[in-house]
Amino acid sequence: MQPVIPDTASRESLLPASAVPERRSVVLRGVSAGNELISRLAAMGLHIGMRIEVCRNRHHGPMVLGCNGSRIMLGRGMADKLMVEVCRA
Amino acid sequence: MKKNLVIALAGNPNSGKTTLFNNLTGSRQHVGNYPGVTVEKKEGLARLGDREIQIVDLPGTYSLTAYSTEEVVARNFVLTERPDVIVDVIDASNLERNLYLGVQLIELGIPVVFALNMCDVAAERGLDFDLDRLSSLLGVPIVPTVGHKKKGMTELLEAALAAVGDGKARPPARVNYGTELEQAIGRLQEKVSKRTGQAADWPDRWVAVKLLENDQEVLAALEQDGLQAAVEEEQARIKGVLGDSAEMIIADRRYGFISGACQGAVRSTAEARQTRSDRIDEIVLHRFWGLPIFLGMMYLVFWLTFIVGTPPMDWIEAGFEWLQGAVRGLWPPDSESVLLSLLADGIIAGVGGVVVFLPNILLLFLSISILEDSGYMARAAFMMDRLMHKIGLHGKSFIPMLTGFGCSIPGIMATRTLENRRDRLTTMLVLPLMSCGARLPIYTLIIPAFFPSAWHAPMLWLIYLIGIVLAIGCAKLLRSTLFPGDSVPFVMELPPYRLPTIKGVLIHMWDRGGMYLKKAGTIILGVSIVLWALTSFPKLPEGDSNMNEEEQQMAELSHSVAGRIGHALEPAIRPLGFDWRIGTAMIGAFAAKEVFVAQLGIVYSLGEADEESVPLRAKLRENYSPLAGFCIMLFMLISAPCMATIAVTRRESGSWKWAIFQLTALTLLAYVITLAVYQTGSWLGIGI
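All values reported here derive from a predicted model rather than from experimental measurement.

Reading guide: rules and limits
- Residues numbered from 1 in each chain as written.
- Chains lettered and ligands numbered in written order.
- Predicted model: local features only at pLDDT ≥ 70, side-chain atom pairs only at ≥ 80, totals over all residues.
- Helix = DSSP H or I, 4+ residues; strand = E, 2+ residues; numbered from the N terminus.
- Contact = placed C-beta atoms within 7 Å.
- Buried ≥ 20, exposed ≤ 12 C-beta atoms within 10 Å, placed from the backbone.
- Pairing = 2+ DSSP bridges.
- Axes fitted to C-alpha atoms, helices over the stretch in contact; angles between N-to-C directions.
- Domains from an automatic or database assignment.
- Core = buried A, V, L, I, M, F, W, Y, C linked by C-beta atoms within 7 Å.
- Parallel < 35°, antiparallel > 145°, perpendicular 65-115°, else oblique.
- Left-handed = near helix turned anticlockwise from the far one by under 90°.
- Nonpolar A, V, L, I, M, F, W, Y, C, P; charged D, E, K, R; others polar.
- Expected span 1.5 Å × (residues − 1).
- Bend = angle between axes of the 7 residues up to and from the residue.
- pLDDT = per-residue confidence, 0-100.

Draft legend 1. Spotlight on the overall build of chain A. A count of helical and extended segments in chain A gives 2 helices and 6 strands. Each helix and strand of chain A, placed in order from N terminus to C terminus, yields the pattern β-β-α-β-β-β-α-β. Long-range contacts, defined here as pairs at least 24 residues apart, represent 57% of the contacts in chain A between residues at least 6 apart.

Okay, here's the thing in structure tokens:
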């Protein structure tokens, strides 16, 4: 199923990174996890407000995000926790 | 003489830190293209003019939180040893993220120099740096370097010396965390200024920021100062005013500071496009091809290790046989010399039986280091994540386990890259079930002795498979009993593919091979001599000459210390299909698994104890059933890991409790499974 792509940026239009199809650019808006994990992600380059590309997302197994040229692999459970806003194509 | 200068090398994983370290010190360090290669700090000496500089290579980290073992190692070194200067190695093509660690290093209050590494790659990607401007914005000297071309090394050392030199270097820029946070930092700074204990040497501002960030280690170090309430109050105030946690805002401000600096000093002329690595990943991580490629790679590793390794093994073996013959030739035939027996039956047989496997070990580590350095290892973790998830672990645990097929010790060391202690302990405890290289001699002795040649390969696979299945089962069991809890979110960087350098791969292979040879020359040599003595003494009193030669030998062995221990063990191991001779060999195997083969050779008094010796196999065939042979392999696969493994588990888990638990649980498991197999097999009449 194709996720709905919001026209305007609002908190309601956020969706988990795991629901974004491949090759889409998104902006990380929030992480619904403990602070420790948030700082861990930030240190790896995934910080709030960052523009991220969804490089690989098969509907099971881990996914790969691209940010600033590096490729970060995330477990599915983790990807569910990243709330992103899809950029308009 | 002036005290040696100490430079600490810090940086993100994959930033080229270890290559720089090798260039600076000329040391032969292994360079990997897999996050977490430097799990322990390494030291070396560099020279600039007539000055000697001590360089410490810290584990690669993304941050200075206390999240994983490597980060703690890196941070504690900087905090407690106070190096004179920190060189932060920065991957130029991923500047912002690398600077995130950089600004935290600056906060530690030690002079910092940035090595802007892999400048050539960044230039190819269309990045253009105004280094003077960047340097003045950050307040830190920056030296461009290209690690693999050894460019910028002298300049880097000179900059590092200058940074310490006069103590008058300009102060580095400071991240401004915004009014609200700065006030909170100021208040906390005042409160922590009178702290005691180990935290007394740490910079005030850094301590205050870390407290706001909820850093557990810093909180614990300041426990007796009673700051908990004040910290919580500040955190609550910030959350109330700014709507986000202090931790998040701090990360945000740091990135804000970095991106401000980069905006003024970095120009990017290239659009983000699919890189070569992405194109390789398209194939390697493909939904259909991915798994076959992965399985093919694993098959290749085993093929290289076991098939390509066979001819050199035969040569080494022939060499030791020749040596044994040559030594025997120095004595008259039928000599009863104790020295001859010690040399030929004890030392040459014992050590030779082990050195024979050097080609296997070298080839296995060659394959592993090619997989690591090329970047495929991280993809293997990706491929295995789903499967590992089913047993309550995640993809990252796969790498230590694969290494465990070579040797459990580096495998257990590699578990340091797992951030979560439950994951780490689970992986560590089941790791010895990955059949290590040292157990291979046992299989290659037993399998041809009892099974037709068409069964050899499948039998070997079966044994490895049993180990893997048991490891999966045990991991699942541990996760649902001793280490319950949700599996930890899995995040890992996929490094770009790089062509492994021949030098890097050979260094790694040779390091491992050297360790193996050292083990053969020390532990195994020592154990061989002890076992030889135990099986040779005390001697039977002279006289009883109406026995034939073979009976005489058996009587002598029974009379020896090893024979007596074996006999004492026999009632316990009889139900597994083992006799006292297997019992004596099992004791030797605790020192090192390979010793089992050497020891069986010694107890069967054949003079030559290498696993290819046909008479030994014939003797085994006469004395045991194929079922018992299979049970020997099964028991040796599962039971007590060797002494060295136990010692490493003790060190890495931090307590004897887990080491002893591993030893007891695996031995019990081996006993129960072997008992079940032998008894069921005997009852059904299979292989007897």
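Draft legend 2. Region of the structure containing the overall build of chain B. Counting secondary structure elements, chain B contains 31 helices and 9 strands. Once the C-alpha set of chain B is aligned to its principal axes, its extents read approximately 100 × 55 × 55 Å. Put simply, chain B has 688 residues, and 49% of those count as buried.

Draft legend 3. Representation of the interface of chain B and chain A within the structure. Across the boundary between the two partners, chain B contributes 32 residues, which contact 30 residues of chain A. Counting residues per element, the side of chain B that touches chain A draws most heavily on helix H11 (residues 246–265) of chain B, which supplies 5 residues. With 4 bridges joining them, strand S5 (residues 70–74) of chain A and strand S9 (residues 491–494) of chain B adopt antiparallel strand pairing. Looking at the pairing, Leu74(A) lines up with Val491(B) of S9(B).

Draft legend 4. Focus on the sheet that holds strand S5 (residues 112–117) of chain B. Residue and element names in this part refer to chain B. Pairing within the open sheet is mixed, and its 6 strands lie in the order S2-S3-S1-S4-S5-S7. The open sheet is flanked by strand S2 (42–48) and strand S7 (142–144), the only strands paired with a single partner. If you compare each strand with its neighbour and ignore which way they point, the axes differ by 25° on average. Taken together, the 3 bridges between S5 and S7 define a ladder with parallel strand orientation. Within S7, the position partnered with Ala115 by the bridge is Val143. Here helix H3 (residues 95–106) sits on the sheet and contacts strand S1 (5–11), strand S4 (85–91) and S5; the angle it forms with S4, its principal contact strand, is near 170°. Against the sheet, helix H6 (residues 153–165) touches S1, S2, strand S3 (51–57), S4, S5 and S7, its axis set at about 140° to S4.

Draft legend 5. Region of interest: the domain arrangement of chain B. One can read the domain layout of chain B as domain 1 (5–165), domain 2 (179–268) and domain 3 (518–684). Taking the mean C-alpha position of each, domain 2 of chain B and domain 3 of chain B sit 59 Å from one another.

Draft legend 6. Quick peek at the pairing of S5(A). Residue and element names in this part refer to chain A. Counted residue by residue, S5 has 5 buried out of 5 residues, so it is predominantly covered. With 5 bridges joining them, strand S4 (residues 63–67) and S5 adopt antiparallel strand pairing. The residue of S5 that forms the bridge with Met63 is Leu74. Between S4 and the antiparallel strand that follows it, S5, lie 2 residues; Asn68 among them carries a positive phi value of about 55°.

Draft legend 7. Looking closely at the nonpolar core. Counting 221 residues, the largest nonpolar core has Leu65(A) and Leu9(B) as the members making the most contacts within it. Looking at this core, the element that brings in the most residues is helix H29 (residues 626–638) of chain B, giving 11 residues. Setting aside chain neighbours within four positions, we find Leu9(B) in contact with Lys17(B), Leu20(B), Phe21(B), Ile55(B), Val56(B), Asp57(B), Leu58(B), Val87(B) and Val89(B).

Draft legend 8. Layout of the packing of H3(B) against H11(B). All names here are of chain B. As a packed pair, H3 and H11 sit with axes 10 Å apart at the nearest point and diverge in direction by 125°. As summarised for this structure, H3 and H11 are arranged oblique, according to the angle between their axes. Crossing handedness for the pair H3 and H11: right-handed. Contact residues: Leu95, Glu96, Leu99, Tyr100 and Val103 in H3; Arg254, Tyr255, Phe257, Ile258, Ser259 and Cys262 in H11.

Draft legend 9. Structural detail: the packing of helix H25 (residues 561–573) of chain B against helix H26 (residues 580–591) of chain B. Residue and element names in this part refer to chain B. As a packed pair, H25 and H26 sit with axes 7 Å apart at the nearest point and diverge in direction by 110°. Overall, the two elements H25 and H26 adopt an arrangement that is roughly perpendicular. Contacts between H25 and H26 involve Ala562, Gly563, Ile565, Gly566, His567, Leu569, Glu570 and Ile573 from the first element and Trp580, Arg581, Ile582, Gly583, Thr584 and Ile587 from the second. Considered class by class, the residues forming the contact of H25 with H26 number 7 nonpolar, 5 polar and 2 charged.

Draft legend 10. Region of interest: helix H23 (residues 502–536) of chain B. With 35 residues, H23(B) ought to run about 51 Å at 1.5 Å a step, and its terminal C-alpha atoms sit 48 Å apart, in line with that. Its axis deflected by about 35° at Ile524(B), H23(B) carries its strongest bend there.

Draft legend 11. Focus on the sheet that holds strand S3 (residues 51–56) of chain A. Pairing is antiparallel in the open sheet, where 7 strands are placed in the order S1(A)-S6(A)-S2(A)-S3(A)-S4(A)-S5(A)-S9(B). Strands at the two margins of the open sheet, each flanked by one partner only, are strand S1 (15–16) of chain A together with S9 of chain B. Of the pairings in the sheet, the one linking S1(A) to strand S6 (residues 82–86) of chain A comprises 2 bridges and is antiparallel in character. Note on S6(A): the bridge partner recorded for Pro16(A) is Met83(A).

Draft legend 12. The confidence of the model for chain A, seen in detail. The share of residues in chain A with pLDDT of 70 or more is 85%, and the mean pLDDT across the chain is 81. Every residue in residues 1–9 of chain A scores below 50 in pLDDT, and together they form 10 contacts with partners more than four places removed in sequence or on other chains.

Draft legend 13. Representation of the confidence of the model for chain B in the model. Residue and element names in this part refer to chain B. Overall, the prediction assigns chain B a mean pLDDT of 83, with 92% of residues at 70 or greater. Scored below 50 in pLDDT, residues 606–610 shows 24 contacts in the model against residues more than four places distant or in partner chains. For this predicted complex, the interface confidence comes out at an ipTM of 0.85, alongside a pTM of 0.78.

Draft legend 14. Here's a closer look at the environment of His508(B). Tracing the backbone shows His508(B) in helix H23. Sequence separation between His508(B) and Gly186(B) is 322 residues, and the spatial gap between their C-alpha atoms is 49 Å.

Draft legend 15. Region of the structure containing unusual backbone geometry. Phi angles above zero are rare outside glycine, and Arg23(A) is one such case at about 65°. Tracing the backbone shows Arg23(A) in the loop between S1 and strand S2 (25–31). A positive phi angle is found at Arg82(B), which is not glycine, with a value near 40°. Following the sequence through the fold, Arg82(B) ends up in the loop between helix H2 (69–81) and S4.

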